[in-house]
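One letter stands for each residue in the lines below.
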Amino acid sequence: WESGTTEKQEDKLVTFRSTGAGPALFVVHAACGEILFVHELVRALKTDCPVYGLQPPPLDGKHRIPITMTALAADYIAEIRKVQPVGPYCLAGYSFGAWAAYEMARQLEASGERVSFVGLIDPRKTRIFVNVRVSNLPKKLFMLLVRSCKRLRQKFVRLQNQLRMANTQPVPYAQRLQFYDSIYRPAVRTYEPALYMGHIVIFSSQGGTERHRERWSLLAQGGVSIVEIPGNHRSMVWPPNSALLAAGFDAHLDGVL
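Calculation criteria
- Residues numbered from 1 in each chain as written.
- Predicted model: local features only at pLDDT ≥ 70, side-chain atom pairs only at ≥ 80, totals over all residues.
- Heavy atoms only, no water.
- Helix = DSSP H or I, 4+ residues; strand = E, 2+ residues; numbered from the N terminus.
- Buried < 20%, exposed > 50% of the residue type's maximum accessible area, 1.4 Å probe, protein only.
- Contact = heavy atoms within 4.5 Å.
- Disulfide = S-S within 2.5 Å.
- pLDDT = per-residue confidence, 0-100.
- Pairing = 2+ DSSP bridges.

Draft legend 1. Geometry of the overall build of the protein chain. Each helix and strand in the protein chain was counted, giving 7 helices and 7 strands. Starting at the N terminus and walking to the C terminus, you meet the elements of the protein chain as β-β-α-β-α-β-α-β-α-α-β-α-β-α. Looking at the protein chain as a whole, 46% of its 257 residues are labelled buried. Of all intrachain contacts in the protein chain linking residues separated by at least 6 positions in sequence, the fraction that spans at least 24 positions is 74%.

Structural data, given as structure tokens:
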């Protein structure tokens, strides 16, 4: 982010670019709380607007952590209103953050605010599919056992850290990304999105266009535009693909700012 920035660890709003003629772009973190990808987006973004990243509250035992998508969206709306009290709003998010940005847009629209841009970077909704072929049954069962053991361990670590938070104790630094992930993935799984009357732009990883179109055309009543970016879910937000992602943002922000 900007050199000289004074954001503290507990700040949920991080300034990546403070200057610009247009309304600010607010970008929501991924499930593990990561927002460093915004730095790469801003590096190549030509649109003249401030850019802020939304990161989750610190796991220090003193801050409340919203655990549902609707509560988290309301919390982040309160944050962005600190720097931009009224619309039009420009929102974006990556992976888990795409769903949060969508719910923020929906809540803002319902409150009478104008949302001029919603950019969803490869939104993922976690589901478990079981497709076992008889010839691979021993291998499939082994992998299922491995995944089950991993989930049990994750649940145990999560419970330990929930107890720490309840007793106002911090989560160990090495376990923080995993703990954020253990909160936000269930938030996506249990989220039942309502219709949004506006238009959304999906920035899809390679090969995901039709999957996104099938899902999101049912939700966004104002239409869906899809920009396919080279790379997979992880690599699409990092160089060299981040330059193409920024170009996609520029093309769509140009029409609304």
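Draft legend 2. Highlighting the state of the cysteines. Evaluation of the coordinates by the stated rule reveals 0 disulfides. Residue C90 stays outside any disulfide, its sulfur separated by 6.8 Å from that of C49, the closest cysteine.

Draft legend 3. Inspection of unusual backbone geometry at higher detail. The omega torsion of the bond from G87 to P88 falls at 10°, within 30 degrees of zero and hence cis. Here P88 lies in the loop between α2 (69-80) and β4 (89-94). Although it is not a glycine, S95 adopts a positive phi angle of roughly 60°. One non-glycine residue, D122, lies in positive phi territory at about 45°. Its place among the elements puts D122 in the loop between β5 (115-121) and α4 (137-166). Residue classification places D122 among the buried residues on the basis of a relative accessible area of 0%.

Draft legend 4. Structural detail: the confidence of the model for the protein chain. Taken as a whole, the protein chain shows an average pLDDT of 83; of its residues, 75% reach a score of 70 or greater. Scored below 50 in pLDDT, residues 3-7 shows 5 contacts in the model against residues more than four places distant or in partner chains.

Draft legend 5. Focus on the pairing of β4. Most of β4 sits inside the fold, with 6 of its 6 residues counted as buried. Side-chain alternation along β4 places Y89, L91 and G93 on one buried face and C90, A92 and Y94 on a second face that is also buried. In this structure, strand β2 (residues 25-28) lies alongside β4, joined through 4 bridges in parallel fashion. Bridged to F26 within β4 is L91. Bridge analysis of β4 against β5 gives 6 bridges, and the strand direction is parallel. Each residue of the ladder has a partner; that of L91, found in β5, is V118.

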